[in-house]
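# Survey of secondary and tertiary structure
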Amino acid sequence: MTETEETAESCDESCDETGWAWEIPPGIPAPVVPEDNPMSPARVELGRSLFFDVRLSYDQSMSCGSCHDPELAFSDGEVTPTGGAGEALARNSQGLGNVAYYSAYTWANPLLTDLEAQALVPLFADAPIELGAQRDTVGILDRLRQDPAVQGLFERAFPGEDDPVSVTSVIRALASYQRTLIDLDAPYDRYVQGDDAALSGAAQRGLALFLSDRVACVRCHPPPFFTVNVRTVDAPDRAPEFVNTGLYDLDGAGAYPAGNAGLYEVTADPADIGRFRVPSLRSVGATAPYMHDGSVASLEEVVDIYAAGGRLISDGPWAGDGRASPLKSPLIAPIDLTLAEREELVAFLRSLGSGPKDPLAPRR
Ligand code: HEC
Ligand code: HEC
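What counts as what
- Residues numbered from 1 in each chain as written.
- Chains lettered and ligands numbered in written order.
- Predicted model: local features only at pLDDT ≥ 70, side-chain atom pairs only at ≥ 80, totals over all residues.
- Heavy atoms only, no water.
- Donors = N, O, S within 2.8 Å, 3.2 Å for Na, K, Ca; no water.
- Tetrahedral: all angles 85-135°; square planar, octahedral: opposite > 155°, others 65-115°.
- Helix = DSSP H or I, 4+ residues; strand = E, 2+ residues; numbered from the N terminus.
- Buried < 20%, exposed > 50% of the residue type's maximum accessible area, 1.4 Å probe, protein only.
- Near = heavy atom within 4 Å.
- Polar contact = N/O pair within 3.5 Å; in protein donor to acceptor, adjacent residues only side chain to side chain.
- Phe/Tyr/Trp six-rings, centres within 6.5 Å; stacked < 30°, edge-to-face > 60°.
- Lys NZ or Arg CZ within 6 Å of the ring centre and 35° of its normal.
- Domains from an automatic or database assignment.
- Contact = heavy atoms within 4.5 Å.
- Buried area = accessible area lost by both parts, 1.4 Å probe.

## Considerations on the coordination of the iron atom of ligand 2
Summarising the metal site, the iron atom of ligand 2 is bound by the protein donors His 221 (NE2) and Tyr 306 (OH), whose distances to it range over 1.9 to 2.1 Å. The coordination sphere of the iron atom of ligand 2 comprises six donor atoms, whose angles at the metal cover 82 to 180°; the geometry is octahedral. Taken as a pair, His 221 in the loop between helix H9 (201–211) and strand E1 (242–243) and Tyr 306 in helix H11 (residues 299–308) lie far apart in primary sequence, 85 residues in all. You can call His 221 buried: its relative accessible area is 9%. With relative accessibility at 27%, the residue Tyr 306 sits in the partly exposed group.

## Comments concerning the coordination of the iron atom of ligand 1
Among all protein atoms, only His 68 (NE2) binds the iron atom of ligand 1, sitting 2.1 Å from it. Relative to the elements of secondary structure, His 68 occurs in the loop between helix H3 (64–67) and helix H4 (115–124).

## Some details on the site of ligand 1
Residues in contact with ligand 1 amount to 28 residues; listed here are only the nearest, Cys 64, Cys 67, His 68, Arg 91 and Thr 106. In the model, an oxygen atom of ligand 1 is placed 2.7 Å from a nitrogen or oxygen of the Arg 91 side chain. Between ligand 1 and Thr 106, the relevant distance is 2.7 Å, taken from an oxygen atom to a main-chain nitrogen or oxygen of the residue. Elements represented by at least two residues in the shell around ligand 1 include exactly H3, H4 and helix H7 (167–179). At three residues, H4 tops the list of elements feeding residues into the shell around ligand 1.

## Brief notes about the packing of aromatic side chains
Taken as a whole and assessed by the stated rule, the structure comprises 14 aromatic pairs. A centroid spacing of 5.9 Å and a plane angle of 70° characterise the contact between Phe 51 and Phe 74, whose relative ring orientation is edge-to-face. Here Phe 74 lies in the loop between H3 and H4 and Phe 51 lies in helix H2 (residues 41–51), a separation of 23 residues in the sequence. Pairing Tyr 101 with Phe 225 gives two aromatic rings, centres 4.3 Å apart and planes at 40°, and the pair type is tilted. Note that Tyr 101 is positioned in the loop between H3 and H4 and Phe 225 in the loop between H9 and E1, a separation of 124 residues in sequence. Its relative accessible area of 0% is what places Tyr 101 among the buried residues. Of note, Arg 135 hangs over the ring of Tyr 58, and the distance from its end group to the ring centre comes to 4.7 Å. Taking NZ or CZ as reference, Arg 311 lies 4.7 Å from the ring centre of Tyr 248, over its face.

## Some details on the domain arrangement of the protein chain
How large an interface is tends to be reported as the accessible area lost when its parts come together. As far as domains go, the protein chain holds domain 1 (3–179) and domain 2 (187–350). Between domain 1 and domain 2, the C-alpha centre-to-centre distance is 27 Å. Of the residues lining the interface, 31 residues belong to domain 1; the matching set on domain 2 comes to 35 residues. Summing the contributions of domain 1 and of domain 2, the shared interface buries around 2600 Å²; its carbon and sulfur component is 61%.

## With respect to the environment of Arg 55
Mapped onto the fold, Arg 55 is located in the loop between H2 and H3. In this structure, the C-alpha to C-alpha distance between Arg 55 and Leu 144, residues 89 residues apart in sequence, is 7.4 Å. The contacts of Arg 55, once residues within four sequence positions are left out, are Gln 60, Ile 140, Arg 143, Leu 144, Asp 147 and Val 150. A distance of 2.8 Å separates the side chain of Arg 55 from the side chain of Asp 147, its partner in a polar contact.

## Here's the deal with unusual backbone geometry
Glycine aside, a negative phi is what most residues show, and trans is what most peptide bonds show. In this structure, Pro 224 follows Pro 223 across a cis peptide bond, with omega equal to 5°. Within the secondary structure layout, Pro 224 lies in the loop between H9 and E1. Residue Pro 289 is reached from Ala 288 by a cis peptide bond, and omega for that bond is -10°. The topology assignment puts Pro 289 in the loop between strand E2 (276–277) and H11. In this structure, Phe 226 is a non-glycine residue whose phi angle is positive, near 60°. If you trace the backbone, Phe 226 turns up in the loop between H9 and E1. Judged by its relative accessible area of 0%, Phe 226 is buried. With a phi close to 60°, Ala 268 is a non-glycine residue in the positive phi region. For Ala 268, the location among the structural elements is in the loop between helix H10 (264–267) and E2. Assessed through its relative accessible area of 55%, Ala 268 is described here as exposed.

This is the structure:
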């Protein structure tokens, strides 16, 4: 029996009504799954194969996995990645742990509220090109159909359909696979479940600081997902929150670099300049560099910026004092932190995991 058949069979016994045996710790509700795309082992297997398949790009050079590497919690280690036609993207590649749970996708787009819709962006975006599938959609689907193994995966994932190999099937399977990337098994989780030795003394003190009224990272990054932007079967309609953390102020009025001003790019409301989705901090130790544009190199630097209540950039094209931005959230204010406390916060952030486990892979 192959490993995949084994997965499918063990699932038949333990799956819930969504068709999937979620590996979620007790007390955390399941993620929301759209009714028209129920989970199934066959969809997850197809989605996983497509996620790493360069045939999804117009020139067969790039896959989702090119910018979302499982070894880096599904991020890519770049400041910003380069798309399939060689152009730089404006934003940092995001890790994909727990993506099933987020209430909106990407750094600042409230309109992308499910993974099916999100997948259309890397597949078909024009400015800049990512996979460039619009340049050869028919050819891409034909190449997948001509591979009997892949054709078979589509038939099992979408049984009874006349032509199971379609763009709709591709985005549904990709979404099903990504929903399985649960990341809730970090040293932090073992610690809160009672294993005191799971966190170093420094990380434990960092956790206390993170939760404290004085430092209060928890106001925007609450456990267990370390972001407010979470949707579960118990709270399916929670609206996402977008916040200006004072990373830039180019003109004394709060301006961010053109074309990368966060929620403002979607709403055109000047009050939304610099507002970005509060990201999860799960496995954040594996996803450097940081922030929407990858402009912060390390967690040490992130903590220094929060301690200063924003970022001062003294020279260069982005010079300005984000600490004084009139658009900055009132929750971002200077915090008096000793060097030891900064190190403890970083030790705690590093205890938040090293990426989701691949449910179909042999255990690492
Ligand atoms: C060229 C690099 C690149 C490729 C290829 C790519 N992505 Fe991404 N991905 C990114 C970047 C950059 C972002 C952040 C985009 C933004 O905020 O505008 C992102 C964001 C995402 C998100 C949102 C995560 C979150 O926390 O909201 C998902 C989901 C995702 N990508 C899935 C995919 C899938 C599926 C594919 C393949 C069809 C893919 N990506 C291909 C670079 C890439
Ligand atoms: C008022 C809400 C808010 C508070 C309070 C807050 N954050 Fe954030 N955090 C954000 C937002 C929004 C971003 C993304 C900003 C951007 O990219 O422009 C972010 C980004 C981050 C990142 C980078 C994540 C990544 O994937 O790039 C880290 C790390 C982080 N915060 C840690 C902390 C720590 C530590 C504290 C406490 C000292 C804290 N945050 C307090 C809202 C907040």
